[in-house]
Amino acid sequence: MEKPPESSPADPWPEEPRAPGPEVWVREESGGCARAPDTEPRKLCGYLSKFGGKGPIRGWKSRWFFYDERKCHLYYSRTAQDANPLDSIDLSGAVFDCKADAEEGTFEIKTPSRVITLKAASKQVMLYWLQQLQMKRWEFHNGPPATPAATAANPTAVLAGDQPTLHLQLEPEEAELEEFLYPVKTPTGLVGMAAALEPVPAVPLVLQNISLKHLGTEIQNTMCNIRGNKQAQGAGHGPQEEDSPRSGEQREEQPTPPDPSTPGKEPEDSSKPTPKCSRTANFIQKAKRQNATFPLFPEGLTRARTSQEKTAALEQQVLVLTQELTSQKELVKLLHKVLEAAQQEKRVSSAYLAAPKDQDRLELVRHQVRQIAALGRRVESLEREREGLAQTASLREQQLQELRQHVQLLMDKNQAKQQVICKLSERVTQDFTHPPDERVAPPEVMDKYFLSQQERMEHLKDDMEAYRTQNRFLNSEIHQVTKIWRKAAEKERALLMKCAYLQARNCQVESKYLAGLRQLQEAVGEEASECSELLKQLTQEALQWEAGEATADSVRLSPISEYDEYGFLTVPDYEVEDLKLLAKIQALEVRSHHLLAHEAVERPLRERWAAMGELAPSAELKQLLRVGVPREHRPRVWTWLIRRRVQALQAPGRYQELLSRGQACKQPAARQIELDLNRTFPNNKHFTCPTSSFPDKLRRVLLAFSWQNPTIGYCQGLNRLAAIALLILNEEESAFWCLVAIVETIMPAGYYSKTLLASQVDQRVLQDLLSEKLPRLMAHVGQHRVDLSLITFNWFLVVFTDSLISDILLRVWDAFLYEGTKVVFRYALAIFKYNEKEILRLQDSLEIYQYLRFFTKTICNSQKLMSIAFNDMNPFPMKQLRQLRAAHRERLEAELRELELLKAEYLETRAGLAVPEGCASEDEGEGEA
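Residues numbered from 1 in each chain as written. Predicted model: local features only at pLDDT ≥ 70, side-chain atom pairs only at ≥ 80, totals over all residues. Heavy atoms only, no water.

Peer 1: Can you help me understand the overall build of the protein chain in this one?
Peer 2: For the protein chain, the count of helices and strands is 30 helices and 9 strands. Burial status across the protein chain gives 36% buried among its 929 residues. By sequence separation, contacts in the protein chain at least 24 residues apart represent 68% of the contacts at least 6 residues apart. Accessible surface, the protein chain as shown: approximately 57,500 Å² in total, 55% of it carbon and sulfur. (Helix = DSSP H or I, 4+ residues; strand = E, 2+ residues; numbered from the N terminus. Buried < 20%, exposed > 50% of the residue type's maximum accessible area, 1.4 Å probe, protein only. Contact = heavy atoms within 4.5 Å. Areas by Shrake-Rupley, 256 points an atom, 1.4 Å probe, with all protein chains shown as cover.)

And the structure:
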């Protein structure tokens, strides 16, 4: 954009305002000479009309606007001389708009919180402001941030705005803006520093220009202006050496003495004799006193004025003072109202303080609360009444609009008919009065018609130009806002990645700190009491949760929270402090792995699941399920997996039928179900909270299943399977069919029977697979005579619900519901492989058993565990699994038959033994007693 023209040398220098008021105006002198006008820094400032207010004083208000480059804020005050701004507009996130059909010079600044309507003096001024604000916003987003050192070193330079005004310099990436809207020249005298010297634009009412919203700032500015006027009056009567800014302005406006070196040029009163030095000094002092007497007129009342001019000036001053007095009266009335409200509040507070007893004070508070509640109810009723009236009015307005449109159509139709009739009548009359070759329109009519059409064409051209200008500006605004949005999105993404990385590093450092504390605590033991107490205190502090983590804003930024997304305690409340410390370390490591894998793994995975439409069995779906389903897609995927399993068993209304059957007669397993309800996931808030609905849902699901499969009824462990389904699906019927799918279609027959035959078979199959895949580990535990089935039996029965953390557990279930029990074997082997080194390091059977109790809770890297399960454990054919199951099932059944034979022989032998006479059994003895 071309550089705005500099102001003329005759422009007076404005005074320097008070910070943080409007723009800073600096007058620099060197050797008695003012700074050259061409070096004067230009600022984006000027008078604009702002639409605002409430009630009867709503309308346009003249405001002085000035831009702050440090904050990208547009401040505004009532006048350029005010000490404090009324308010500011944040331009960093604002967009600008102008409408061709609006009043000339009107434009809008739209921020996320409000819309500000402004009006400039002309269309050129409006376009200049819009372009300058666009450039300031782009410079703020695209330019490098100001260094704190530079700001601290020279704060006055930042406040004074000594840097030159930003002009539009088209860079290569911004060259396309030229095709939207050409640069607008700077309007002379309407923007910039020179605009501060212009009189404030008049408003219809004096009170209308007062801001009631910022009444305190208005009072401060008024007092500062009054104090400034008094100081100026005092300076007029003071010594001649005291030079105020206003006297400096008056001194510049006085006629300059003639230059003796320039011949032929004399002042206007050169015909009069030149006064003496003393007379000249008296004349200057008298002029200063006259200027101080009329501070509102910077030129003063000089002796060169006539009596009529003095009278007009005095009348104008009286009018200005009258208007100011009226505004001050209105201000006093407003202050009286504020004072009455404050006094009322003071009386209430005094009554509250003067109450002798707390009961009296409580009664006063209750009275105020009742009044507030009554007023609130009254406001609510009035609001409802207003809404009803508004709806009625809108309906009436629509009906009225329809009637108006109908009437307008009828009127247009009638008018068209009348015009046709008139034209036909005129044509008939002309045909009767004139022959056809003599009908020629008068030249006056033709000229009038031509002028009207030409005028209409000019109006259409103006409208077309206005819409073209609006279109170009809006295109440039959309282009620039889009670029700013893209850049902000890139910055936000980079900051989120950096934040995730820093949080992950913080989790890693904290977990290492806790691990170091644990090792140090084990090393010190009970040798030194002081060190033990210190370590114990540090451990307790590390396990405590910060209060700020409970708030909604800080949970997102905290490394870990108390509960995970499914309601499980992140750090369970173990009785043993060592286990608690290990759980905290594991939670930190889980959070660290999740943050580091979010961008590399989680985001692409979410995008792939979002792009997937209808689900169908495929190799891609199998791979995605092994990696894990995102939380937002898991209910939909699980529902599809379950429906696929129970499609032959599912019938409409089946679940409600089973519930009604349970209400008609009592289920034998109901007592055991009630006992297990309170033991279901004690570390999950959904099942421990007294007001939660999950326990009731779980009870109904288990009772319905006991009627669905009477041969099983209820087996311990089914409550945890159904609870996991409830947490994900959140519907009773879906959780019921999930339990049916696991027990009747996924797991082998007899898995949850009274003998748990299939469960025992799988434990023997696991022993064979461990010997094949992990021979060193099996040799080590065999040497110490450790029976792994004591640990792994529960894994298979409840599918790891009590062993793994929720994040890893649900990934196991994602693949388990699709592939079946082979996934359970894979993850069981992977868990031992994950912790093989730690187990081999232990050399005592008791230590191995203690470690196996909680070692699954130390697994935090779900990606590593998944890779071991589905990569390191290959090959893992289903045919081998079936063969091992068949072989071990045959052996186990043979063992059970042999056991039954031994039991029968024992009973026969015991029945054949005769009881000696005179000896009674314990039962008989008790019966006699």
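Peer 1: How do you make sense of the environment of aspartate 97 when you look at a structure like this?
Peer 2: Along the chain, the position of aspartate 97 falls in strand E7 (residues 95-98). By relative accessible area, which is 13% here, aspartate 97 ends up buried. Placed 380 residues apart in sequence, aspartate 97 and glutamate 477 show a C-alpha to C-alpha distance of 8.1 Å. In this view, aspartate 97 contacts Phe107, Glu108, Lys110, Phe473 and Leu474; residues no more than four positions away in its chain are not counted.

Peer 1: I tried to follow the sheet that holds strand E4 (residues 59-68) on my own but got confused; where do I start?
Peer 2: Pairing between the strands of a sheet comes from backbone hydrogen bonds, and it takes one of two forms, parallel or antiparallel. Spatially, the 7 strands line up as an open sheet ordered E6-E5-E4-E3-E9-E8-E7, and their pairing is antiparallel. The open sheet has two free edges, formed respectively by strand E6 (87-90) and E7, since each of these has just one partner strand. Between one strand and the next, the sheet's axes are offset by a mean angle of 35°, whatever the strand orientation. For strand E3 (residues 45-52) and strand E9 (residues 115-119), the ladder comprises 3 bridges, and the chain directions are antiparallel. From the neighbouring strand, serine 49 faces E9, where its bridge partner is lysine 119. (Pairing = 2+ DSSP bridges. Axes fitted to C-alpha atoms, helices over the stretch in contact; angles between N-to-C directions.)

Peer 1: How do you make sense of the packing of aromatic side chains when you look at a structure like this?
Peer 2: Each pair of aromatic rings is reported with the distance of its centres and the angle of its planes. Applying the stated rule across the entire model yields 20 aromatic pairs. Relative to tryptophan 64, the ring of tyrosine 47 lies with its centre 5.1 Å away and its plane at 70°, an arrangement referred to as edge-to-face. Taken as a pair, tyrosine 47 in strand E3 and tryptophan 64 in strand E4 lie far apart in primary sequence, 17 residues in all. Taken individually, tyrosine 47 and tryptophan 64 each receive the classification buried, so the pair is uniform in this respect. Aromatic pair tyrosine 655 and phenylalanine 736: ring centres 5.2 Å apart, planes at 45°, arrangement tilted. Of the two residues, tyrosine 655 sits in helix H15 (residues 654-664) while phenylalanine 736 sits in helix H20 (residues 732-746), which places them 81 residues apart along the sequence. The exposure class assigned to tyrosine 655 is buried, which follows from its relative accessible area of 2%. (Phe/Tyr/Trp six-rings, centres within 6.5 Å; stacked < 30°, edge-to-face > 60°.)

Peer 1: Just to check I follow, could you spell out a nonpolar patch on the surface for this structure?
Peer 2: A surface patch of nonpolar side chains, about 510 Å² in accessible area, is lined by Tyr352, Leu353, Leu362, Leu364, Val365 and Val369. Put simply, the parts of the chain that give the nonpolar patch at least two residues each are helix H7 (307-354) and helix H8 (358-433). The element that contributes the greatest number of residues to the nonpolar patch is H8, accounting for 4 residues. Inspection of the secondary structure assignment puts leucine 364 in helix H8. (Patch = residues over 30% accessible without salt bridge, like charges linked within 9 Å, V, L, I, M, F, W, Y side chains within 5 Å. Salt bridge = Lys/Arg side-chain N within 4 Å of Asp/Glu carboxyl O.)

Peer 1: I keep staring at the packing of helix H16 (residues 670-677) against helix H18 (residues 694-708) and nothing clicks. Help me out?
Peer 2: Two quantities define a packed helix pair, namely the angle between the helix axes and the distance between the axes. Contact geometry for H16 and H18: axes closest at 10 Å, N-to-C directions at 150°. On the basis of the axis angle, H16 is roughly antiparallel to H18. Of the two possible hands of crossing, H16 and H18 adopt the one that is right-handed. Contact residues: H16 offers Ala670, Ile673, Glu674 and Leu677, while H18 offers Pro695, Leu698, Arg699, Leu702 and Leu703. Each residue belonging to the contact of H16 with H18 can be placed in one class, and the counts come to 7 nonpolar, no polar and 2 charged. (Parallel < 35°, antiparallel > 145°, perpendicular 65-115°, else oblique. Left-handed = near helix turned anticlockwise from the far one by under 90°. Nonpolar A, V, L, I, M, F, W, Y, C, P; charged D, E, K, R; others polar.)

Peer 1: What is the right way to read the nonpolar core from this model?
Peer 2: Most often, soluble globular proteins have nonpolar side chains that are buried together. If you look at the biggest cluster of nonpolar residues, it comprises 115 residues, and the most contacted ones within it are Trp609, Leu718, Ile742, Tyr752, Phe800 and Phe832. Residues Tyr67, Leu91, Cys98 and Leu118 belong to the second largest nonpolar core, which totals 28 residues. (Core = buried A, V, L, I, M, F, W, Y, C linked by side-chain atoms within 4.5 Å.)

Peer 1: What should I look at first to understand unusual backbone geometry in this one?
Peer 2: Across residues other than glycine, the phi torsion is negative in most instances, and most of the peptide bonds are trans. The linkage connecting asparagine 874 with the following residue, proline 875, adopts the cis geometry, with an omega of 0°. Relative to the helices and strands, proline 875 is located in the loop between helix H28 (862-872) and helix H29 (878-912). The phi dihedral of phenylalanine 800 falls on the positive side, at around 65°, and the residue is not glycine. Residue placement: phenylalanine 800 occurs in the loop between helix H23 (789-798) and helix H24 (806-819). Here phenylalanine 800 falls in the buried class, since its relative accessible area comes to 0%.

Peer 1: Help me understand the confidence of the model for the protein chain in this model?
Peer 2: Detailed reading of the predicted model is not advised wherever pLDDT is low. Summing up the model confidence of the protein chain, the mean pLDDT is 75 and the portion of residues at 70 or higher is 69%. In this model, residues 1-41 is a region of pLDDT below 50 whose contacts with residues beyond four sequence positions or in other chains number 98 contacts. Note on residues 545-559: pLDDT is under 50 here. Beyond four places in sequence and across chains, it has 23 contacts. (pLDDT = per-residue confidence, 0-100.)

Peer 1: Even after reading the chapter, I still don't get H23, so can you show me in this structure?
Peer 2: Each α-helix winds once per 3.6 residues, and so residues spaced three or four apart point in a common direction. Where burial is concerned, most of H23 is hidden: 7 out of the 10 residues are buried. The complete set of buried residues in H23 reads Ser789, Ile791, Thr792, Trp795, Phe796, Leu797 and Val798. Buried residues belonging to H23 abut helix H19 (718-729), helix H21 (757-773), H24, helix H25 (822-834) and helix H27 (845-854). Downstream of H23 by a residue or two, valine 799 has a phi angle that is positive, lying close to 55°.

Peer 1: Whenever I open this one, the pattern of salt bridges confuses me. Can you help?
Peer 2: Two side chains with opposite charge may pair up if their charged atoms get near one another. The tally for this structure, following the rule as stated, stands at 28 salt bridges. A salt bridge links arginine 634 to aspartate 814; its shortest N-O distance comes to 3.0 Å. Placement of arginine 634 in helix H14 (residues 634-645) and of aspartate 814 in helix H24 is noted, with a sequence separation of 180 residues between them. Of the two residues, arginine 634 and aspartate 814, neither departs from the other in class, the shared state being buried. Of the charged contacts in the structure, one is a salt bridge between glutamate 657 and arginine 661, with a shortest N-O distance of 3.8 Å. Taken together, the positions of glutamate 657 and arginine 661, both in helix H15 and 4 residues apart, correspond to about one turn of that helix. Residue classification places glutamate 657 among the partly exposed positions, given a relative accessible area of 40%. With a relative accessible area of 32%, arginine 661 lands in the partly exposed category. One network of salt bridges, in which partners are shared, links Asp97, Glu108 and Lys110.

Peer 1: Would you mind going over the pairing of strand E5 (residues 73-77) with me for this structure?
Peer 2: Looking along a regular strand, one sees side chains alternate from face to face of the sheet. The element E5 is largely enclosed, with a buried count of 5 among its 5 residues. In E5, alternate side chains face the same way, and those of His73, Tyr75 and Ser77 on one face and Leu74 and Tyr76 on the other are all buried. With 5 bridges connecting them, E4 and E5 associate as antiparallel partners. From the neighbouring strand, aspartate 68 faces E5, where its bridge partner is histidine 73. The turn joining E4 and E5, which pair antiparallel and follow one another in sequence, is formed by 4 residues; a positive phi near 60° is taken by cysteine 72. Note: E5 against E6, 4 bridges, orientation antiparallel. Bridge assignment links leucine 74 to a residue of E6, and that residue is isoleucine 89.

Peer 1: Just checking my understanding: could you explain the environment of valine 200 for this structure?
Peer 2: With respect to the element layout, valine 200 can be found in the loop between helix H3 (155-160) and helix H4 (215-237). Along the backbone, valine 200 and arginine 63 are 137 residues apart, and their C-alpha atoms lie at a distance of 8.6 Å. Residue contacts for valine 200: discarding those within four places in its chain leaves Tyr47, Ser62 and Thr79.

Peer 1: Mind showing me how you'd approach the packing of H25 against H28 here?
Peer 2: For the pair H25 and H28, interaxial distance at closest approach is 8 Å and the crossing angle is 120°. The angle between the axes of H25 and H28 places the two elements in the oblique class. As H25 runs across H28, the sense of the crossing is right-handed. Across from Val823, Arg826, Tyr827, Ala830, Ile831, Lys833 and Tyr834 in H25, the residues of H28 making contact are Lys864, Leu865, Met866, Ile868, Ala869 and Phe870. In the contact of H25 with H28, the residues fall into 10 nonpolar, no polar and 3 charged.

Peer 1: Is there a simple way to explain the side chain of lysine 822 in this structure?
Peer 2: Assignment of secondary structure puts lysine 822 in helix H25. Of the buried charged residues, lysine 822 lacks a salt bridge, with glutamate 819 as the closest side chain of opposite charge at 4.8 Å. Leave out the neighbours within four places in its chain, and lysine 822 touches Phe876, Met878 and Leu881. (Lys, Arg positive; Asp, Glu negative; His and termini not counted.)

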